[in-house]
Amino acid sequence: MLPRNIKTMFLYLPWLLALRFGRQFSVEGIKMVVPFRDCGRADLLRAKAATALRLIQNHRPKYYERIRRFIPNLLIVGGSYSHATTICDLHLCELSEEYALSDQTTVEQLAMTLVHEATHGY
């Protein structure tokens, strides 16, 4: 039987590879990774996520610290089955690219989603 850390590594290998080789940004102290996307879409994602994080930081510092502590890694991927998912073992929030870039998703909704996912990590 494999030790837990090796099992975890194999279980989360796709996420670990995306975190390692994806396009990385630091947004308000949070590591944001956009794997395998063009620069234009990545910049739009970074701008929207930065605005959402600043909104949380300015209005609810307690929740911002919860995000920094429990989901300091945001992985934005396409083809996700939900808007966002928390992977506690990796301190990671997987965010759907379609949801994050949608014109119908406001910055406030994105901020609420991040707070919600950080609460799962908490």
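Residues numbered from 1 in each chain as written. Predicted model: local features only at pLDDT ≥ 70, side-chain atom pairs only at ≥ 80, totals over all residues. Heavy atoms only, no water.

1. Brief notes about the sheet that holds strand β4 (residues 84–87)
Next up, step 1: Pairing within the open sheet is mixed, and its five strands lie in the order β1-β2-β3-β5-β4. The open sheet is flanked by β1 (23–27) and β4, the only strands paired with a single partner. Looking at each pair of strands side by side, their axes are set apart by 20 degrees on average, direction ignored.
Next up, step 2: Sheet analysis places β4 next to strand β5 (residues 92–96), joined by four bridges and oriented antiparallel. What sits directly across from Thr-86, in β5, is Cys-93. (Pairing = 2+ DSSP bridges. Helix = DSSP H or I, 4+ residues; strand = E, 2+ residues; numbered from the N terminus. Axes fitted to C-alpha atoms, helices over the stretch in contact; angles between N-to-C directions.)

2. Quick word on the packing of helix α3 (residues 39–59) against helix α6 (residues 107–121)
Next up, step 1: It is at 8 Å that the axes of α3 and α6 come closest, and there the two elements cross at 70 degrees. When the axes of α3 and α6 are compared, the pair comes out roughly perpendicular. Crossing geometry of α3 relative to α6 is assigned as right-handed. Across the interface between the two elements, Lys-48, Ala-49, Thr-51, Ala-52, Leu-53, Leu-55 and Ile-56 of α3 pack against Val-107, Glu-108, Leu-110, Ala-111, Leu-114 and Val-115 of α6.
Next up, step 2: Looking at the contact of α3 with α6 residue by residue, the class counts come to 10 nonpolar, one polar and two charged. (Parallel < 35°, antiparallel > 145°, perpendicular 65-115°, else oblique. Left-handed = near helix turned anticlockwise from the far one by under 90°. Contact = heavy atoms within 4.5 Å. Nonpolar A, V, L, I, M, F, W, Y, C, P; charged D, E, K, R; others polar.)

3. Observations concerning α6
Next up, step 1: Under the 1.5 Å per step criterion, the end-to-end length of α6 is 21 Å for 15 residues, consistent within 8% with the ideal 21 Å.
Next up, step 2: For α6, the complete set of buried residues consists of Leu-110, Ala-111, Thr-113, Leu-114, Val-115, Glu-117, Ala-118 and Gly-121.
Next up, step 3: Where α6 is buried, its residues contact α3, α4 (61–70), β3 (73–77), β4, β5 and α5 (97–101). (Expected span 1.5 Å × (residues − 1). Buried < 20%, exposed > 50% of the residue type's maximum accessible area, 1.4 Å probe, protein only.)

4. So, the pairing of β3
Looking along a regular strand, one sees the side chains alternate between the two faces of the sheet.
Next up, step 1: Counting buried residues along β3, five of its five residues qualify, which places the element largely inside the surrounding structure.
Next up, step 2: Burial along β3 is two-sided: Asn-73, Leu-75 and Val-77 facing one way and Leu-74 and Ile-76 facing the other are all buried.
Next up, step 3: Note: strand β2 (residues 30–34) against β3, three bridges, orientation parallel. Considered in β3, the bridge of Val-33 is made with Leu-75.
Next up, step 4: Looking at chain direction, β3 and β5 are connected through five bridges and run parallel.

5. Considering the environment of Pro-35
Next up, step 1: Of note, Pro-35 is situated in the loop between β2 and α3.
Next up, step 2: For the pair formed by Pro-35 and Leu-17, sequence separation is 18 residues and the distance between their alpha carbons is 9.3 Å.
Next up, step 3: Sequence-distant contacts of Pro-35, that is, excluding residues within four places in its chain, are made with Ala-18, Gly-22, Arg-23, Leu-75, Ile-76 and Val-77.

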